[in-house]
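# Survey of secondary and tertiary structure
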Amino acid sequence: MSTTETPTYKKKDFVSDQEVRWCPGCGDYAILNGVQQAFATLGVPKEKFAVISGIGCSSRFPYYMDTYGFHTIHGRAPAIASGVKIANPELDVWVVTGDGDALSIGGNHLIHAMRRNLNIKVMLFNNRIYGLTKGQYSPTTVPGMKTPSTPYGSLDAPFNPIAVALGAGASFVARTVDTQIPHLKEILAQAHAHKGFAFIEILQNCVIFNDGAFEHIVGKEVRDDHQVNLRHGEPMVYGKELDKGLRLTPNDIEICSPAEASVWKADGPTGANAFRLCQGSETAEVPVPIGLFRQVERPVLEDQIHAQVNSVTEKLGEGTLEALLGAGETWDVD
Amino acid sequence: MSTTETPTYKKKDFVSDQEVRWCPGCGDYAILNGVQQAFATLGVPKEKFAVISGIGCSSRFPYYMDTYGFHTIHGRAPAIASGVKIANPELDVWVVTGDGDALSIGGNHLIHAMRRNLNIKVMLFNNRIYGLTKGQYSPTTVPGMKTPSTPYGSLDAPFNPIAVALGAGASFVARTVDTQIPHLKEILAQAHAHKGFAFIEILQNCVIFNDGAFEHIVGKEVRDDHQVNLRHGEPMVYGKELDKGLRLTPNDIEICSPAEASVWKADGPTGANAFRLCQGSETAEVPVPIGLFRQVERPVLEDQIHAQVNSVTEKLGEGTLEALLGAGETWDVD
Amino acid sequence: MTTAQPEVPVQELDEVVIRFAGDSGDGMQLTGNQFTNTSALFGNDLATFPDYPAEIRAPVGTLFGVSGFQVRLSSNDIHTPGDKVDVLVAMNPAALKTNLSDLKEGGMLLVNTGNFGKRDLEKAHYSDNPLDDPSLEQRFQYVPLDLNEATLKAVEGSGLSNKEALRCKNLLALGLLYYTYSRSLDVTEKWLEGKFGKKPQILDANLRALRAGAMIAENSELFHTRYSVPAADLPKGTYRNIKGNEALAMGLVAGTRKADLRLFYGSYPITPASDVLHSLSRYKNYNVYTFQAEDEIAAVTSAIGASYAGALGMTGTSGPGLALKAEALGLAVMIELPLVVVNVQRAGPSTGMPTKTEQADLLQAVFGRNSEAPMPVVAAASPGDCFHAAMEAVRIAVTHMTPVMLLSDGYLGNGAEPFRLPAVSELPDIVCNKATAADADGFLPYSRNPETLARPWAIPGTPGLMHRVGGLEKEDLTGNVSYDPENHERMTLLRENKVLKVAESYGPTEVFGESSGKLLVLGWGSTYGAIRGAVQRAHSKGLSVSQVHVRNVWPLPQDLGEVMSRFDRVLVPELNRGQLCRLLRSEYLIDATSLPKVQGKPFGSEELLAHIEEILA
Amino acid sequence: MTTAQPEVPVQELDEVVIRFAGDSGDGMQLTGNQFTNTSALFGNDLATFPDYPAEIRAPVGTLFGVSGFQVRLSSNDIHTPGDKVDVLVAMNPAALKTNLSDLKEGGMLLVNTGNFGKRDLEKAHYSDNPLDDPSLEQRFQYVPLDLNEATLKAVEGSGLSNKEALRCKNLLALGLLYYTYSRSLDVTEKWLEGKFGKKPQILDANLRALRAGAMIAENSELFHTRYSVPAADLPKGTYRNIKGNEALAMGLVAGTRKADLRLFYGSYPITPASDVLHSLSRYKNYNVYTFQAEDEIAAVTSAIGASYAGALGMTGTSGPGLALKAEALGLAVMIELPLVVVNVQRAGPSTGMPTKTEQADLLQAVFGRNSEAPMPVVAAASPGDCFHAAMEAVRIAVTHMTPVMLLSDGYLGNGAEPFRLPAVSELPDIVCNKATAADADGFLPYSRNPETLARPWAIPGTPGLMHRVGGLEKEDLTGNVSYDPENHERMTLLRENKVLKVAESYGPTEVFGESSGKLLVLGWGSTYGAIRGAVQRAHSKGLSVSQVHVRNVWPLPQDLGEVMSRFDRVLVPELNRGQLCRLLRSEYLIDATSLPKVQGKPFGSEELLAHIEEILA
Ligand SMILES: Cc1ncc(C[n+]2csc(CCOP(=O)(O)OP(=O)(O)O)c2C)c(N)n1
Ligand SMILES: Cc1ncc(C[n+]2csc(CCOP(=O)(O)OP(=O)(O)O)c2C)c(N)n1
Ligand code: SF4
Ligand code: SF4
Ligand SMILES: [Mg+2]
Ligand SMILES: [Mg+2]
């Protein structure tokens, strides 16, 4: 297929020949399905996708995608992806990572990629546990949990991944859910359309070590009342009957009628409202937001890098071996 | 001196016998002076101080303090301090670090120490440059700066250290200035009194590689109008005549009269207002806040760890070698 | 319930090797562990080899999802779980396919025919049903049995769903084997009661399945013989069946208690080292503090911080994690504080084969740091020996004020053996080199104990000893920063000699077999058992072979060169490409022969014996 | 202005070694560099050794704040900056104190007496004024001069403040030496004009000081002789004075251009490697992309990502940073992509002495990764050779699809020498092993080029070649994940053999001197010049000594064993505790003698000669 035509794909075009090796019932299956569906609609020739992961159950993801894939080492996927994107900005670079991979060992690379605003998309499968190493607590585990490394209950306070991303200056911050495929696809499409770094937290169920960790948010019974979907420019309403709303005050969030609900703005100078929303209210039992927390445009690093290289090259002329060897103060001996 | 008496110290009691090796005029001298003064007033026996640093100009700090000191490796001081504090909670643990040490190579350890809320105090000397390695740009350098590694101008967007700290959930976040010693001492005393992790950004002038980086904020001429000192429970007023105020709205910050100024609250459930303030307004030319951005009480990790150990020990009895060797299912061969 | 009277003849065996193989969800590790514990309490010597997939729960029935547990029980002193197996329990086609080649001709093959449906066969990539192969009957003592049906029948009326009921089929298989090998059901019954005490329905079903297995074996005509493996003649003492990782954790705790220190273990989970963290985190009442760090660098540096603050800092990981700790270990060398660094090796390079074993981090342990940063290295030889090796590491770290590397591997860490528990009085004394306020006058943080060259441990909080340490070169005695050329050379030599002096504290090298002869088989680490087995067999064939097994791999024992010189040849089997052999060659200029193996699995004794015979032929 | 006619006699010298020493703020590096450039353009062979404190600007006058620059100019072919110095310029008491012992008896001692006040003496920990010592006059050609006053006078009326004016005193000293060594001021005058063109006041002051220096020398009675060092008889060609780090960067660019690739350099600043990043970041018009990463791990992994994406990924650091990269290098070994890893070594362990040189990362380079992760290692021998070594590293990486370690050190990186620029036609061709869409049919990402065992480079974006790579063990040919034991052994051997095969691409080992004899001095890296100098002197004394200098330190050259066997003894001088010697001993079982030095500074030729003579005595 030539790269100028817009390719038309089906989901199955993104299914690789490798046997999928997650536990039966793992939330990763649903995400894989959603991503394969989403990729088929993005209009990108499939050889342009580079799917890059770290280590963890979630990080086996690239094997199952019929694209270029790189299952790297623990925590380093954002740094590797940065090199990929700078070296070859033509590629559509997606990072798959877990709460341990991204926020424990890989936290620094993640926040630096965020501040640099490279045009890469990071999907963090947050199951609040280390799956692959058999169930130790992670930096997103709810305190008190008994795990193999915390037989008397874990004590560390967890990160709020959305707050971390906002603090690091990510230009696109969103949250979605493994089993809510239409929502997931919508968010992926938005992330893809965003020019710059996109951070997507995906709540993911680990059936083996942390089953039902998000049931109170995503369970079929409760989710209408316990979730609010943030859409830029739309009022924050929720509930099965869309009968409730959220209102922002200078110091807090309040539950109100749909009519009084604040219109959600994902842009704005500071992301302070997203910062408030992602942490909830102390005074009211507000629902957990999913959807788009933040989206702002700011310069994309690899664009700037290439522009600088181009402008220097224009100014100095393309470097040749002759010029390289002849530069500086030289003298002849004969 | 017995550790039960409250010791009375002078600044000179904290001056070590090592020659100070910073460039003449470096902001680090003023900070050293301020810290030595502050330590003399904290009522802590001097052998209880452990001053721990990474690598950088700033990180030579421990050599000049007549306390226990540990000049470790690049970026790892918060992790080393965590081990110190858990192993020996009696110690008064202070970390000295730079913008490169803390936010570049050491970013991950810093944010994890913040979320864990160990009772350690981190002073980040932010000179927006790598001093020790001769002037490369750092993660806080203003874009466009020409440095040895960016001869055509740096491109990376910088971190806002206060925003990073808030995103990571630090329970105490403050900013002070190398040359404003009374303010610095006030902040250090507050940090010391705080039960938990304290993050203090200190704006520091590097005369050699980034001279005057903060002149527009801290310069004698301008500082009254370009700084606002955040004090919990006090209105946000500033100006030489204290004739201006800041007011928080649901989406922004406005300049107002002192009477209309919002009363600053450093606590509250989310830190969203601190998050807004540390980034400023897009619509108004607001001053740069120094002082206390955030202070909340939450459980201190080493307290919890020791409490858990104590409770398990109480329940199971103190482990002896006999018990250790006799545990599990055993059988005798004779 | 006690087992019924035998009606079939009982044949006494010296030993038997049994492998349970099935799907990851089939509970094979549990089954194997139960058989092991029962046999241990019965008095056999034994060794185990669990082998499970990297996936947590691979999809049911796949080839990569097969989980195996091998146990060898013996009435002799044994050291490895055995090469080929006498009994194979195959719970599904995938297990059959991946394990059948290891079954001895004439061995017993117990197959759960209930799982050989079309889908099952497909998942194992079988086009035809392998059970249709008539040669099975001829080659093996073939016992096909529908364990699914038998289990459902046994559990009938328990109120469990079919799915739940089928989960008990491993206990049925276990019951079958208990009967066949003349074992009592007691141990497992007690264990089930402990585990499912609060879920009576499940307890009942499991007990029924277990007993049904024994009944079927007794009543059916499937088994023609019963066997018994008499108790082994083990040295007197109290024993416990223990995995290497557990023994290692116990050794670390014991050593730290002997030194009267607080234990701090900073670690980041990684297969196969995580269990050390898990074990230690249960020892909270032993003055043990565990810290799950954000990564391996924080793990080791927090441990360094803990040692700085007066605890005994420790950290543990596997190969890739060790690589990440390299820079910080240089700091530990420079500041000369005690530190124990556990490396439970696995197959590499890079992520490699995380659940497979290898011994290929030796040179990383000895040389894998910038500049001259010497560090003693101790290696455990067997699961039980992990205890003693850990104590040795603690002893060296504390006595000599130095970081110490403690090498184990996946095979040792997960394998188990009966471990004779030492009496408290047998444990070595460990004395710290702490400075106190009384030393304040003219205190020199880099002065040295003349015997060990250890510097004093001056712990923050001690009045009068305030000083500064760090990663810059230190001035001799004062510890101040120094760029002086001669001082740098002197300090480099001091650090080197301090580590070399550790060798003065070893006992003489023990030779198994004659103290001189044609061939010395020299090993280190987890190859101990396989080599011992091979050398024993070689002895029984009258071959002139001896064994030396090096516990302290760095610095090497002072008498090692002399010991090697008494043999015509030295053979060095290693689960790597010849790393100890390289050290021996460079240290002693001896033409040692490397016998490398890098298959992610241990040597077998037969395999080594063949090499020995070849060399001596 | 041209220098005035000599009235004092001019004496011709073969060579001279000059050291400028002063406070960090005194501009000694600049002064030394100017003297070097002038002499280079004049046609001398030369070598330099800058030596500056770790502090950016240490407080004025302190001992640790002394900055030195040594240059040796010669009319012969020379290789080191010399051991002892003929001329010492001491700008203050601290410089005198720390450098006087290196001045030859009878050498010239130029002292700035204007800086010998009470405070200055105190800061240098002098209780009495050392200039009062009458033996100075006897032992040296002693030239005391108040350069401060002379400078103020020379610059008088320029409108500069005293403080600003005094900054020119280094140029006055330079002018003095230019006159004394019969050098023209032209080069420095031109350079000043370029530098201060936009600040005429400062330019004027500097020019005045420079010229005043020459005048003073001419007119005063301080100097009794002038000297000249005639041009050297260097091989024909175009030359450039170049520092090792610059040459290395240039070599990386040249190699990448020859391979027609994009260059990506991911790095984190660290002394003494930062200059490579700085140099490369100026080559933006050469398809060069530099990325200052957040740490060394991001530096190497971003470079791996770049290679994955089809650029030539490179990373550079010094020892402690290399330690941090170890885990990622294992990944690079596993995925078999080209990568160049620069290590400009410094004195360790840990932070060590960052501004001092050492060669102690060799074993880290060869073995410092988990498991069996072999990687070729190339070492540069001189500042100019950094160019060729860098091209060699690129050649191996690209041709053999492997990470390559390129070793330099602080001495090479900061030192300079005249470098004969190769013609473009002399540069080796470098051919990539790229796969294209045409290879899509049955594409096997882990198939191999039979000659090199390199796998194809299938770059994302290429239609039809979609595949997955990673750090888990790969199945032969397909690159799929595999836990198969035989496959693991096969792949381990393939990786090992691929690296060993690199040795087939080397030329024969060159021996300097007779091809057999009593003693072979075998070195690697930056000891080249010192060894060459020592061997040359030994030859002139008629000793049977030859030199081999190993460029490809891993895998070692195939003929090296044979070459060594032609000598009675092999001596291996190294700036470490015997690391190459250890490799030679283990590879060849040869009783090579180690000559270790760990003082953070290079060998001197005299020092080596003494050892050679001792051995041959
Ligand atoms: C350097 C290194 N340290 C540790 C590990 C072990 N390890 C593998 S995955 C993992 C954590 C996985 O957790 P997460 O990222 O949440 O992924 P999940 O399995 O839950 O999807 C760890 C600790 C490793 N592979 N490499
Ligand atoms: C592992 C490692 N990488 C790099 C370095 C080199 N290095 C030393 S300090 C430093 C940055 C210093 O910047 P900062 O923390 O801002 O401190 P400052 O000197 O500005 O006070 C770097 C890159 C090192 N010492 N160790
Ligand atoms: S362990 Fe958890 S996260 Fe991993 S595959 Fe299984 S269910 Fe999924
Ligand atoms: S380089 Fe800058 S930060 Fe470092 S000591 Fe000098 S002035 Fe201070
Ligand atoms: Mg997870
Ligand atoms: Mg800085």
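As shown above, the structure is provided for reference.
The structure presented is a predicted model; accordingly, all values stated were derived computationally and were not measured.

### Some details on the sheet that holds strand E16 (residues 416–420) of chain D
- On the basis of which strands lie adjacent, the open sheet formed by 3 strands has the order E12(A)-E9(D)-E16(D) and antiparallel pairing. The sheet terminates laterally at strand E12 (330–333) of chain A together with E16 of chain D, the two strands that pair on one side only. Here the strands of the sheet are splayed against their neighbours by 35° on average, with no regard to which way each runs.
- Where E12 of chain A and strand E9 (residues 237–243) of chain D come together, 4 bridges link them in antiparallel fashion. Following the sheet pairing, threonine 330 of chain A is matched in E9 of chain D by arginine 240 of chain D.
- Here helix H10 (residues 244–258) of chain D sits on the sheet and contacts E9 and E16 of chain D; the angle it forms with E9 of chain D, its principal contact strand, is near 115°.

### Describing the relation of the copies chain A and chain B
- You can overlay chain A on chain B at an RMSD of 0.0 Å; the transform is a turn of 180° with a shift of 0.0 Å along its axis. Both copies of the chain, as the preceding transformation shows, are related through a two-fold rotation axis.

### Remarks on the pairing of strand E11 (residues 288–295) of chain B
Residues and elements named next belong to chain B.
- Within E11, 6 of the 8 residues are buried, leaving the element largely enclosed by the surrounding structure.
- Two elements, strand E5 (residues 172–177) and E11, share 4 bridges in a ladder whose sense is antiparallel. Residue pairing for E11: alanine 174 is matched across the bridge by leucine 292.
- Bridge count for strand E7 (residues 227–230) against E11 is 4 bridges, and the pairing is parallel. Residue pairing across strands places valine 228 opposite proline 289, the latter belonging to E11.

### With respect to the coordination of the magnesium ion (ligand 6)
Residues and elements named next belong to chain B.
- At this site the magnesium ion (ligand 6) is bound by Asp99 (OD), Asn127 (OD1) and Ile129 (O), with donor distances of 2.0 to 2.2 Å.
- In terms of primary sequence, the donors binding the magnesium ion (ligand 6) are separated according to D-x27-N-x1-I. Taken together, the residues span a long stretch of sequence, with aspartate 99 in helix H3 (residues 99–105) and asparagine 127 in the loop between strand E4 (121–126) and helix H5 (161–167) at a distance of 28 residues. Comparing aspartate 99 with asparagine 127, the two get one shared label, buried.

### As for the interface of chain A and chain B
- Contacts between the two partners involve 43 residues from chain A, matched on the other side by 42 residues from chain B.
- With both sides pooled, the region where chain A packs onto chain B buries about 3,700 Å², and carbon together with sulfur makes up 58% of that total.
- Across the chain A-chain B interface, the total number found is 4 salt bridges.
- Summed over the shared surface of chain A and chain B, the result is 22 residue pairs in polar contact (both at pLDDT 80 or more).
- Of all the elements in the fold, those that place two or more residues in the side of chain A that touches chain B are helix H3 (99–105), helix H4 (107–116), helix H5 (161–167), helix H9 (272–279) and helix H10 (301–316) of chain A.

What counts and what doesn't
Residues numbered from 1 in each chain as written. Chains lettered and ligands numbered in written order. Predicted model: local features only at pLDDT ≥ 70, side-chain atom pairs only at ≥ 80, totals over all residues. Heavy atoms only, no water. Pairing = 2+ DSSP bridges. Helix = DSSP H or I, 4+ residues; strand = E, 2+ residues; numbered from the N terminus. Axes fitted to C-alpha atoms, helices over the stretch in contact; angles between N-to-C directions. Contact = heavy atoms within 4.5 Å. Least-squares fit on C-alpha atoms with pLDDT ≥ 70 in both. Buried < 20%, exposed > 50% of the residue type's maximum accessible area, 1.4 Å probe, protein only. Donors = N, O, S within 2.8 Å, 3.2 Å for Na, K, Ca; no water. Buried area = accessible area lost by both parts, 1.4 Å probe. Salt bridge = Lys/Arg side-chain N within 4 Å of Asp/Glu carboxyl O. Polar contact = N/O pair within 3.5 Å; in protein donor to acceptor, adjacent residues only side chain to side chain.

In short, geometric facts, not functional conclusions.
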